[in-house]
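For reference, the chains in residue letters:
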Amino acid sequence: MIFDLTANTNARKIMILNPSLPEDKTVKSTDGTVIFSVAVSEDGRPKEYSYQWFVDGTLVSGATSNTYERDVTGDIGQYSVWCEVSNKAGTARSREAKLTVNRLPVLSTSYPADATVEKGSSVTAKVSIAAAGYPASYTYQWYKNGSAVSGATGSSYTFTAGTAGDVELYCKVSNSAGTVT
């Protein structure tokens, strides 16, 4: 006796998800929102699907469609995002996407401090991080009167006064989120 299971329209089948979704995202904490999506690449039976999104293993309340919109304002760091898609045949889990939320550091307003020095004397200007950014690896570039100072790429810069008059010193601090002065 031969049975043809394809003729049975009541047979249940779990769906197959697009293996490249959701996609990894790298954003800034000031970007507002980021959208993740999941798609069925091979239909299951029945075709009625339910969706549930997770972030770092925690169910996201109300995130029950094929897209998930996350407000990243105030977020910092890396997160794992995935979706579970279900029908009566079972549940398929999407790939785990990596969400990286970068943030600029906040610089202390106390530095660099104003200073008065005699001609030929040195003064050290420094910049201080008041609130860490993400990632916490920074590059520094000091500027004197609007021009980058060659080799001045640390959190402090020692300046020797060569002539009388005002000199403007400032530092630009950068990470993956951008640059702050």
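Residues numbered from 1 in each chain as written. Predicted model: local features only at pLDDT ≥ 70, side-chain atom pairs only at ≥ 80, totals over all residues. Heavy atoms only, no water.

What to know about the nonpolar core
Item 1. Residues F36, V38, W53, Y68, V81, V85 and L99 are the most contacted members of the largest nonpolar core, which totals 22 residues.
Item 2. Contributions of two or more residues to this core are made by β3 (33-37), β5 (50-55), β8 (77-87) and β10 (97-102).
Item 3. Residues Y138, F159, A161 and V173 belong to the second largest nonpolar core, which totals 14 residues. (Core = buried A, V, L, I, M, F, W, Y, C linked by side-chain atoms within 4.5 Å. Buried < 20%, exposed > 50% of the residue type's maximum accessible area, 1.4 Å probe, protein only. Helix = DSSP H or I, 4+ residues; strand = E, 2+ residues; numbered from the N terminus.)

Section: the packing of aromatic side chains
Item 1. Under the criterion given, the structure shown has five aromatic pairs.
Item 2. Ring geometry for F54 and W82: centres 5.7 Å apart, planes at 10°, overall stacked. Taken together, the residues span a long stretch of sequence, with F54 in strand β5 and W82 in strand β8 at a distance of 28 residues.
Item 3. Seen in terms of ring centroids, Y143 and Y170 are 5.1 Å apart; in terms of plane orientation they differ by 5°. Their pairing is stacked. Of this pair, Y143 sits in strand β14 (residues 139-144) while Y170 sits in strand β17 (residues 169-175); the two residues are 27 residues apart in sequence, bridging distant segments of the chain.
Item 4. The buried category is assigned to Y143, whose relative accessible area is 16%. (Phe/Tyr/Trp six-rings, centres within 6.5 Å; stacked < 30°, edge-to-face > 60°.)

Structural notes on the pattern of salt bridges
Item 1. Considering all chains together, one arrives at five salt bridges under this definition.
Item 2. Between D75 and R70 there is a salt bridge, with the nearest N and O atoms lying 3.1 Å from each other. Here D75 and R70 have matching classes, each one buried.
Item 3. A salt bridge links E96 to R93; its shortest N-O distance comes to 2.8 Å. (Salt bridge = Lys/Arg side-chain N within 4 Å of Asp/Glu carboxyl O.)

Focus on the sheet that holds β17
Item 1. Spatially, β15-β14-β17-β18 is the arrangement adopted by the four strands of the open sheet, whose pairing is antiparallel. In this open sheet, the two strands that pair with only one neighbour each are β15 (147-148) and β18 (178-180).
Item 2. Here β14 runs beside β15; their pairing, made up of two bridges, is antiparallel. Note on β15: the bridge partner recorded for Y143 is A148. (Pairing = 2+ DSSP bridges.)

Details of the side chain of S108
Item 1. Take S108: it is sitting in the loop between β11 (106-107) and β12 (122-126).
Item 2. Here S110 takes part through its backbone nitrogen, which lies 3.2 Å from a polar atom of the side chain of S108.
Item 3. Those residues in contact with S108 that sit more than four places away from it in its chain are S128 and A130. (Polar contact = N/O pair within 3.5 Å; in protein donor to acceptor, adjacent residues only side chain to side chain. Contact = heavy atoms within 4.5 Å.)

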